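# Reading the structure
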Amino acid sequence: MSRSLAAALLLAALPMGCGSGESGTIETADAPPGRTDLPEPWFEESALSHGIEFTYDSGADGDYHMPEIMGGGAALFDMDSDGDLDLYLTQGGPLLAPEEREPNRLFENTGGGRFRDVTAGSGAGDRGYGNGVACGDVDGDGDIDLYITNTGRNTLLLNEGAGHFRDATAEAGVGDTGWGTSAAFLDYDADGDLDLFVTNYLRWSVDSELPCLNALSHPDYCSPKNYRAPARDVLFENLGDGHFRDVSEPSGIASSPGNGLGVGCADFDGDGRVDIFVANDGMPDHLWINGGDGTFENRAFAWGCATDANGLNKAGMGVALGDLDGDLDVDLMVCNLDGESDSMFLNQGGFFQDHTVRGGVAATSKHFTRFGMGWVDFDNDGEFDLFQADGRVEEARGSTEGDPYAEENLLFRGLGAGRFEEVLPRGGVFPPLVATSRAAAFGDVNEDGAVDVVVVNRDAPVHLLLNRRGTRNRWIELRVLGADGSDALGATLTARVGARTLRRDVRAAYSYQASNDPRVHIGLGSGGTGLDQVTVRFPDGHKERFGPLSAGKVHVLRRGEGAPVEAE
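Worth saying up front: this structure is predicted, and the values here are computed from it rather than measured. (Residues numbered from 1 in each chain as written. Predicted model: local features only at pLDDT ≥ 70, side-chain atom pairs only at ≥ 80, totals over all residues. Heavy atoms only, no water.)

## Details of the domain arrangement of the protein
Considered domain by domain, the protein is made up of domain 1 (43-475) and domain 2 (476-564). Summarising the inter-unit geometry, the C-alpha centres of domain 1 and domain 2 are found 23 Å apart. Taken together, the contact between domain 1 and domain 2 spans 70 residues of the former and 39 residues of the latter. Summed over both partners, the interface of domain 1 with domain 2 buries about 3800 Å², with 49% contributed by carbon and sulfur atoms. Taken as a group, Leu328, Arg474 and Trp475 account for 21% of the area that domain 1 buries against domain 2, more than any other trio of residues on that side. Here domain 1 is connected to domain 2 by three salt bridges. Counting across the domain 1 and domain 2 interface gives 28 residue pairs in polar contact (both at pLDDT 80 or more). The residue makeup of the side of domain 1 that touches domain 2, split by class, is 34 nonpolar, 23 polar and 13 charged. (Domains from an automatic or database assignment. Contact = heavy atoms within 4.5 Å. Buried area = accessible area lost by both parts, 1.4 Å probe. Salt bridge = Lys/Arg side-chain N within 4 Å of Asp/Glu carboxyl O. Polar contact = N/O pair within 3.5 Å; in protein donor to acceptor, adjacent residues only side chain to side chain. Nonpolar A, V, L, I, M, F, W, Y, C, P; charged D, E, K, R; others polar.)

Right under this line is the structure:
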């Protein structure tokens with residue numbers, strides 16, 4: 001998040017901005033008097049009515065400690081292997097008083113998108129200063145495990161089944177003690193188990209905090225540029241015996257520190273190996289191309305995605321990935337600070353083309369500060385839509401009450417060919433919800449075939465946005481599993497729908513500090529009957545073919561149960 005220069009108590013202080021606001025409240029915009037022609041909302045906010053009572057506590061105490069403006073995180077994952085999505089939410093609390101922090105929270109989906117808090121006795125209630133969360137089956141037992149990034153030591157929670165988790169951080173050797181933000185499980189060495197990438201933000205401590213002023217000459221949060229302390233990201237290799245090895249140095253990942261916030265993994269260059277993209281705040285973004293020999297090379301400048309088309313560093317936060325233009329490779333998008341447009345990059349095979357202006361999102365989104373986001377087909381018409389969770393990092397001019405960092409979220413409808421138009425009412429909800437939003441996690445929580453959104457808000461209740469639009473069209477979901485029953489993260493699907501061929505990936509890590517439903521969701525429009533054929537390429541290169549597959553249900557594609565595809 002690069003920010004405009006402001007007066008500071010120290011040299012060249014650039015504030016981010018978060019204010020005290022009114023804890024636990026969300027502002028809403030009232031309907032204009034006499035309006036009867038408002039568009040029908042796409043979402044309905046339903047957190048409390050569906051059993052989710054949670055407020056992320058930033059711990060803000062008036063001293064403007066930088067981590068207070070950045071949290072929290074969310075994960076939608078199938079904790080108990082019953083086929084629906086459960087919810088994990090990280091918690092902050094007082095930075096200087098760890099003993100006073102509330103635990104992270106685990107909510108079981110009891111069916112139909114109704115939740116109950118099962119934190120007590122689950123072992124999942126980590127009490128670090130929580131930021132993000134990643135999900136994956138690291139021990140190959142078929143249960144999804146959790147990795148929590150904290151300001152301080154991170155935590156690995158192994159899922160032992162029956163709703164119970166065990167802290168295995170020390171024995172696994174993954175307790176990085178930096179300021180962790182987003183994280184991702186991936187099989188970078190194609191050996192069949194999940195490795196771990198951790199994005200770090202700053203080399204920061206309470207003692208190194210700086211006093212800063214914002215453009216209004218008010219005390220505020222600093223820009224990361226003030227600290228001049230970019231942090232190295234961390235890559236852990238899974239050794240397959242319950243232990244991990246830090247390979248950040250030999251892999252090359254440690255060679256380029258940054259102010260990392262968002263991460264996304266995909267095979268960008270089409271060589272069959274998973275690569276890593278990192279969104280950096282106010283610094284060039286990183287594109288780590290996998291060399292296949294345990295090493296990575298940062299090729300972001302060569303590919304044209306380190307900066308925008310004008311060569312400017314932006315405030316990289318959240319990351320969206322997918323085949324936006326239908327040419328069977330992975331495109332990407334990075335969201336940024338108010339005053340900066342997003343960066344939408346189309347993969348042209350060896351380089352990215354900046355598509356932001358032609359994509360139709362620049363003029364609207366640049367007036368907001370965007371964090372969590374995703375390309376998701378919310379209306380099931382066969383095109384990716386775009387949701388962005390917004391919240392300022394610098395006190396708003398003219399704010400006199402409430403939360404001076406709160407903003408409406410944004411929703412854009414996909415028009416095809418990588419183009420979007422904004423959906424009104426703003427954010428897809430009426431009345432619009434105004435909060436300081438951070439993580440956004442995506443998944444169909446009530447199993448109606450329409451993708452929903454969980455949004456974490458700073459010092460305000462969490463949102464559960466139930467999708468009311470997608471049920472008008474047909475859909476299909478694919479859960480791709482390895483031979484051990486774990487989600488095959490990093491697998492690539494090529495699906496044939498009539499004359500159209502689609503490319504989708506099995507992916508949980510994208511957005512900001514979030515883990516999302518790894519099931520592949522495909523909208524089929526009003527008349528779609530299903531998929532004629534699906535070819536799955538697993539992370540180690542093995543291919544199988546499935547189908548035909550009918551619409552309106554979740555299909556499980558397990559390795560070994562499809563028809564083998566001969567290597568080309």
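Next comes the rest of the write-up.
## Some points on the confidence of the model for the protein
Residues with a pLDDT of 70 or more make up 93% of the protein, whose mean pLDDT is 91. Predicted confidence is poor over residues 1-35, with pLDDT under 50, and the contacts of this stretch with residues over four places away or in other chains come to 137 contacts. (pLDDT = per-residue confidence, 0-100.)

## What to know about empty space enclosed by the protein
Applying the stated criterion across every chain, the model contains seven cavities of 30 Å³ or more. As a volume, the largest cavity reaches approximately 380 Å³. Elements that contribute at least two residues to the lining of the largest cavity include exactly strand 21 (319-322), strand 25 (370-376), strand 31 (437-443), strand 36 (500-505) and strand 38 (520-525). Here the lining of the largest cavity is composed, by residue class, of ten nonpolar, four polar and ten charged. Residue contributions to the lining of the largest cavity reach at least three from each of two domains, namely domain 1 (43-475) and domain 2 (476-564). Considering only enclosed or pocket space, the second largest cavity measures out at about 90 Å³ in volume. (1 Å grid on protein atoms, 1.4 Å probe; cavity = no way out; pocket = protein on both sides within 12 Å on 5 of 7 lines; lining within 4 Å. Points joined across faces, edges and corners; volume = space filled by probe spheres on them. Helix = DSSP H or I, 4+ residues; strand = E, 2+ residues; numbered from the N terminus.)

## What to know about the sheet that holds strand 33 (residues 463-467)
Within the open sheet, the four strands sit side by side as 2-33-32-31. Their pairing is antiparallel. The open sheet is flanked by strand 2 (43-45) and strand 31, the only strands paired with a single partner. On average, each strand axis in the sheet is tilted by 25° relative to the strand beside it, whichever way the strands run. Both strand 31 and strand 32 (residues 452-457) contribute to a ladder of five bridges, which runs antiparallel. Bridged to Ser437 within strand 32 is Asn457. (Pairing = 2+ DSSP bridges. Axes fitted to C-alpha atoms, helices over the stretch in contact; angles between N-to-C directions.)

## What to know about the environment of Glu171
Considering the arrangement of structural elements, one finds Glu171 in helix 1 (residues 169-172). As a C-alpha pair, Glu171 and Gly242 span 71 residues in sequence and 7.5 Å in three-dimensional space. Not counting residues within four places of it along the chain, the set of residues in contact with Glu171 comprises Arg166, Gly242 and His243. Polar side-chain contacts of Glu171 include one of 2.8 Å to the side chain of Arg166.

## Some points on the nonpolar core
The biggest cluster of nonpolar side chains holds 56 residues, and the ones touching the most others in it are Ile52, Leu89 and Trp375. Residue assignment for this core shows that the elements contributing at least two residues are strand 3 (74-77), strand 4 (86-89), strand 23 (343-347), strand 25, strand 28 (410-416), strand 31, strand 32 and strand 33. For this core, the element with the most residues is strand 25, which contributes three residues. Setting aside its immediate chain neighbours within four residues, Trp375 contacts Ala320, Leu321, Gly322, Leu324, Asp331, Leu332, Met333, Met344, Phe384, Asp385, Leu386 and Phe420. Counting residues in hydrophobic clusters, the runner-up holds 38 residues, among them Val480, Ala508, Phe538 and Phe546. (Core = buried A, V, L, I, M, F, W, Y, C linked by side-chain atoms within 4.5 Å. Buried < 20%, exposed > 50% of the residue type's maximum accessible area, 1.4 Å probe, protein only.)

## Let's talk about the layout of surface pockets
Empty space within the largest pocket amounts to approximately 790 Å³. If you go around the largest pocket, you meet 43 residues; those closest to its centre are Asp267, Gly490, Thr492, Arg503 and Arg537. Those elements giving two or more residues to the lining of the largest pocket turn out to be strand 7 (130-136), strand 11 (180-186), strand 17 (260-266), strand 35 (492-497), strand 36 and strand 40 (533-537). Per element, the largest residue contribution to the lining of the largest pocket is three residues, and it comes from strand 40. Class assignment of the residues belonging to the lining of the largest pocket gives a composition of 19 nonpolar, ten polar and 14 charged. What the second largest pocket holds in volume is close to 490 Å³. Asp137, Gly192, Asp193, Leu194 and Asp484 are the residues nearest the centre of the second largest pocket, which is lined by 31 residues in total.

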